[in-house]
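# Reading the structure
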Amino acid sequence: MCGASRGYSLAEHNLAKVIQEQFAFFEFAKDCTSDQELELTRKAQSVVTAYESHLVENPDDVNGLILFGKFLKKVGQNQRAIDYFLKADVLEPKLAVIKQQIANYLVESGKALDAFPFFLMATQLNPEVANYHFELGNYIYIFSSELTEEGILKGETAPALLFQSFKAAADIAPENFEYRLRFAQSFFDYPHSEKLEALDEWNSILSNFPDLSKAEKDYIRLCKARVLIELNRKLEAKKLIHSVSSKSLSKSKVSLLKQASSTKSKELPAKPSPLPPKAGHKTGFLFPTDKHLQRMHSVSTRLSEEKLLSELTLDVLKARLDDTGQVQLEFLSEITKESAQE
């Protein structure tokens, strides 16, 4: 009654208790030692049982399904986690976070091309989340060749969509250095990009992130110098290059000095950094389309047909800490299944 008077249902109240228990479990794990793994296992089983009990009583609780999925993923049970994300997706197909989780699972499982419509849909369902755009941009950068070869993306759609993704992330969260850096890098791989706009972006990063390390500032100065060379402002570029003293950038410094000293005016190679995304401005690319929606539905159906949505209860066999200190769970049903296969 007390929870109801505040506007919370009994199910919401119970789920909050499960979350508190989960939080206490991870707090215990932070200082856990090897001789406490028995207690860690007991606490892990308690969390798992609490989630299962909640979902038995509330099988259509999308929040509960998502939270349990995230918990399982965090403890190294990706294969189990996807069960709950898929069920949540059936109940609520318009939640971006579910699309994101399914997309990441597909990439991790070696089914990267199947992940494309899920990453893309996440940005469409919740366009105000910078990380969804950032993940889409990184995904396209890594798999652009495969996406083009398979005809999933055509022509300049891949580099243009990639550029738009990083730009969206930077626009939504301009205080995030990683987003701004990746957006600035994206100008280099597109021959028709606006050089002055790129220069403004590099200048803005230097101005807005004064606490960068010396090496980071030197890297940005070299990127600025490269843009100046492309603008045929070579004297300015040379001065900037000579101001760089980080040893780790010495090879890049020498290479750019040669470019700045050359009498020929030509574009630099499109490799400004270890992660140079491609770029573009207008794609004409609209989503959702029937083609991509059908592909997404097909993938979801196939995952379900692989019997990922198991009805087995999750009996924890052991909870342990890996070499990085992260909690990992093993389930009794997994051991039983492996024994049966042998």
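All figures in this text were calculated on a predicted structure; none of them were measured in a lab.

### Points about helix α9 (residues 157–172)
- The terminal C-alpha atoms of α9, which comprises 16 residues, lie 22 Å apart, in line with the 22 Å expected from a rise of 1.5 Å per residue.
- Three or more residues of α9 are buried, namely Thr 157, Ala 158, Pro 159, Ala 160, Leu 161, Leu 162, Phe 163, Ser 165, Phe 166, Ala 168, Ala 169 and Ala 170.
- Contacts from the buried residues of α9 go to α7 (116–125), α8 (130–149) and α10 (177–185).

### Brief notes about unusual backbone geometry
- Phi angles above zero are rare outside glycine, and Asn 232 is one such case at about 65 degrees.
- Following the sequence through the fold, Asn 232 ends up in the loop between α12 (214–230) and α13 (234–242).
- Judged by its relative accessible area of 49%, Asn 232 is partly exposed.

### Remarks on the packing of aromatic side chains
- According to the stated counting rule, one finds 18 aromatic pairs in the structure shown.
- Consider the rings of Phe 134 and Phe 166, whose centres lie 5.8 Å apart with planes at 65 degrees: the pair is edge-to-face. Of this pair, Phe 134 sits in helix α8 while Phe 166 sits in helix α9, and the two are 32 residues apart along the sequence. As far as burial versus exposure is concerned, Phe 134 and Phe 166 are alike and both buried.

### Regarding the pattern of salt bridges
- Applying the stated criterion across every chain, the model contains eleven salt bridges.
- Lys 30 serves as the salt-bridge partner of Glu 27, at 2.8 Å between the closest nitrogen and oxygen. Note that Glu 27 and Lys 30 are positioned in helix α2 (residues 10–30) at a spacing of three residues, about one turn of the helix.
- A salt bridge links Glu 201 to Arg 180; the nearest nitrogen and oxygen atoms lie 2.6 Å apart. Pair noted here: Glu 201 is in helix α11 (residues 195–208) and Arg 180 is in helix α10, with a separation of 21 residues, a long-range link.
- The class of Glu 201 is buried, set by a relative accessible area of 11%.
- Salt bridges sharing partners connect three or more residues here, namely Glu 39, Arg 42 and Lys 43.

### Let's talk about the environment of Ile 66
- Examined against the element boundaries, Ile 66 turns out to sit in helix α4 (residues 62–74).
- Residue class for Ile 66 comes out buried when judged on its relative accessible area of 8%.
- When neighbours within four sequence positions are excluded, Ile 66 is seen to be in contact with Phe 85, Ala 88, Leu 95, Val 97 and Ile 98.

What counts, and where the lines are drawn
- Residues numbered from 1 in each chain as written.
- Predicted model: local features only at pLDDT ≥ 70, side-chain atom pairs only at ≥ 80, totals over all residues.
- Heavy atoms only, no water.
- Helix = DSSP H or I, 4+ residues; strand = E, 2+ residues; numbered from the N terminus.
- Expected span 1.5 Å × (residues − 1).
- Buried < 20%, exposed > 50% of the residue type's maximum accessible area, 1.4 Å probe, protein only.
- Contact = heavy atoms within 4.5 Å.
- Phe/Tyr/Trp six-rings, centres within 6.5 Å; stacked < 30°, edge-to-face > 60°.
- Salt bridge = Lys/Arg side-chain N within 4 Å of Asp/Glu carboxyl O.

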